[in-house]
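If you want the building blocks of each chain, they are given just below.
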Amino acid sequence: MSIHPTTTGAVRRTSLFDVHLAAGARMVPFAGWEMPVQYTGVSDEHLAVRTRVGIFDVSHMGEILIEGADALRTVQHLVTNDAARLADECGLYTPMCTPSGGIVDDIVVAREDERRYLCIVNAATHEGDLAWIRTHAGTATVRDVSDETALLSLQGPKAQAVLETATSTDLAPLARFQWRAAVPVGGVKTTVSRTGYTGEDGFEIACPWEAAPAVWDTVVAAGKPFGIVPVGLGARDTLRLEAGLMLYGNDISEDTTPLEAPLAWTVKFDKVEFNGRAALLQQRADGPRRRLVGFEVAERAIPRQHCRILAGDRPIGEVTSGTFSPLLRRPIGLGYVPTEYSAVGTAIAVEVRDRLVPAQVVRLPFYRRPRG
Amino acid sequence: MYPSDRRYTQEHEWALREGSRVRVGVTQFAAERLSDVVFVELPAVGADVRAATPFGVVESVKAASDLFAPVTGRVVEVNAALVDNPELINQDPHGAAWIIVVEPADATEWDRLLTADAYAKLVGEAGA
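Cut-off values and rules
- Residues numbered from 1 in each chain as written.
- Chains lettered and ligands numbered in written order.
- Predicted model: local features only at pLDDT ≥ 70, side-chain atom pairs only at ≥ 80, totals over all residues.
- Buried ≥ 20, exposed ≤ 12 C-beta atoms within 10 Å, placed from the backbone.
- Helix = DSSP H or I, 4+ residues; strand = E, 2+ residues; numbered from the N terminus.
- Pairing = 2+ DSSP bridges.
- Contact = placed C-beta atoms within 7 Å.
- Axes fitted to C-alpha atoms, helices over the stretch in contact; angles between N-to-C directions.
- Left-handed = near helix turned anticlockwise from the far one by under 90°.
- Nonpolar A, V, L, I, M, F, W, Y, C, P; charged D, E, K, R; others polar.

### Re the pairing of strand 17 (residues 330-338) of chain A
All names here are of chain A.
Thought 1: By the criterion of burial, strand 17 is predominantly enclosed, with seven of the nine residues buried.
Thought 2: Two elements, strand 14 (residues 290-297) and strand 17, share seven bridges in a ladder whose sense is antiparallel. Residue pairing across strands places Arg 290 opposite Pro 338, the latter belonging to strand 17.
Thought 3: With seven bridges joining them, strand 16 (residues 314-325) and strand 17 adopt antiparallel strand pairing. If you follow Thr 323 over to strand 17, its bridge partner there is Ile 332.
Thought 4: The hairpin turn running from strand 16 into strand 17, its antiparallel successor, is four residues long, and Arg 329 in that turn takes a positive phi close to 60 degrees.

### Points about the sheet that holds strand 10 (residues 179-185) of chain A
Residue and element names in this part refer to chain A.
Thought 1: Spatial ordering of the open sheet is given by 10-11-12-9-3-13, a layout of six strands whose pairing is mixed. Each end of this open sheet is capped by a strand with a single partner; those strands are strand 10 and strand 13 (229-230).
Thought 2: Sheet topology note: the strand 9 (residues 149-155)/strand 12 (residues 202-208) ladder contains seven bridges and is antiparallel. Considered in strand 12, the bridge of Leu 154 is made with Phe 203.
Thought 3: Packing of helix 2 (residues 42-51) onto the sheet brings it into contact with strand 3 (54-57), strand 9 and strand 13, and relative to strand 3 it is tilted by some 120 degrees.

### Considering the pairing of strand 7 (residues 64-68) of chain B
Thought 1: One ladder, built from five bridges, connects strand 6 (residues 54-60) of chain B with strand 7 of chain B; its direction is antiparallel. The residue bridging Pro 54 of chain B from the neighbouring strand is Phe 68 of chain B, located in strand 7 of chain B.

### With respect to the packing of helix 5 (residues 159-166) of chain A against helix 6 (residues 212-223) of chain A
Residue and element names in this part refer to chain A.
Thought 1: Packing of helix 5 against helix 6 leaves a shortest axis separation of 8 Å and a crossing angle of 115 degrees. Relative to helix 6, the crossing made by helix 5 is right-handed. Residues Val 162, Leu 163, Thr 165 and Ala 166 of helix 5 form the contact with helix 6, whose participating residues are Thr 218, Val 219, Ala 222 and Gly 223.
Thought 2: Considered class by class, the residues forming the contact of helix 5 with helix 6 number five nonpolar, three polar and no charged.

Laid out in structure tokens, this is it:
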């Protein structure tokens, strides 16, 4: 059978590399980093996060600080969402657009205070994002703090219980997209946010680069009675896809707009001028010609990126992400189709290798965590 | 690790001679590198297969991987257990997760397959 060859050439490692190896991880190259794709298995890890708690190393992501009197003005110009609404230690999710409304990256922006805004960016687009932000910075200072910042993600219904065991801080009052600085974990001063990429409750824990192993070990020890497992990039992808979350490079890119993707909610047309506003206003007035939809496949075939989508025998689009959902136990995917085919319930077909398999447009997300 | 009762391909299949027939599966090396197998696309009994040519597909959560036939011939048996329990490939790739049995057409192809030692060297487990 065909197996992807391992890439040679310089790849970077996070400070948790040895920890991953000791935990039995299989390491793969990803965006210039050597990262764990799985430990015990993608499905096992995925279901652990849905039912208990899992811990991820996401230190490969980028952290870019925008500082100075001009910081908010810079952020507002770069992003479609409204950062003026943020209080200290609050954040939001937003695309950054080009003037034509295409997406440079999807990021999280956290306001530390009125003169400091932290942008958390995808690993694969880190260099491009940094250059883009610098081009639009005006008189604000742009500092790349990625090399000093490790990031761990703790996700699942037991995440809060685990983190409260690991630290003296009461985390119940921390709302979604809220940050708390100086949270001690294993003797390390960390910054904790109630954020994540899985659709579960959870926290992302930032700490100095070299301190990550101490934080990881402390959280894992606290998580043992709750059945914590380490989780790799394989399950990270299946989890976010079930939750209907975008993956830059697959579902969104410079060739797609937030109105075509299910991200219209992130575009605040009433705020101050931002990159792409005019183009997106026009698209909103005209109505987007295509939409990203979620679909489920009825047969034993997994849709993959670039598989064609058809209506009858007419090609109408392409799959952007696809997998077998470990929770729903069926193949699911995302793809762009003309707006007239985007209604929930529309019957479509997906070409998997040489076979047309029937599929149906469904509501996103595929999975929503139960309330309460 | 790699039983010497059988031979191997560069693409990580194993071939076990049983009388005039050849039983085929994927190796432990392959099974460990696949994420969770969720579907196996099997040929029909009676289908022709050709050496070093794809005859089926293993679909895992992460990717689809072609299965390459070690020998040319006709499929005489297919492992139906893989339909409902594809995860057998992850669990027992050298045993319960055999994939097809082939009636080979060309006996000379056997000699071109890798011995257990040669395969172990290929996957970096010399002396295993």
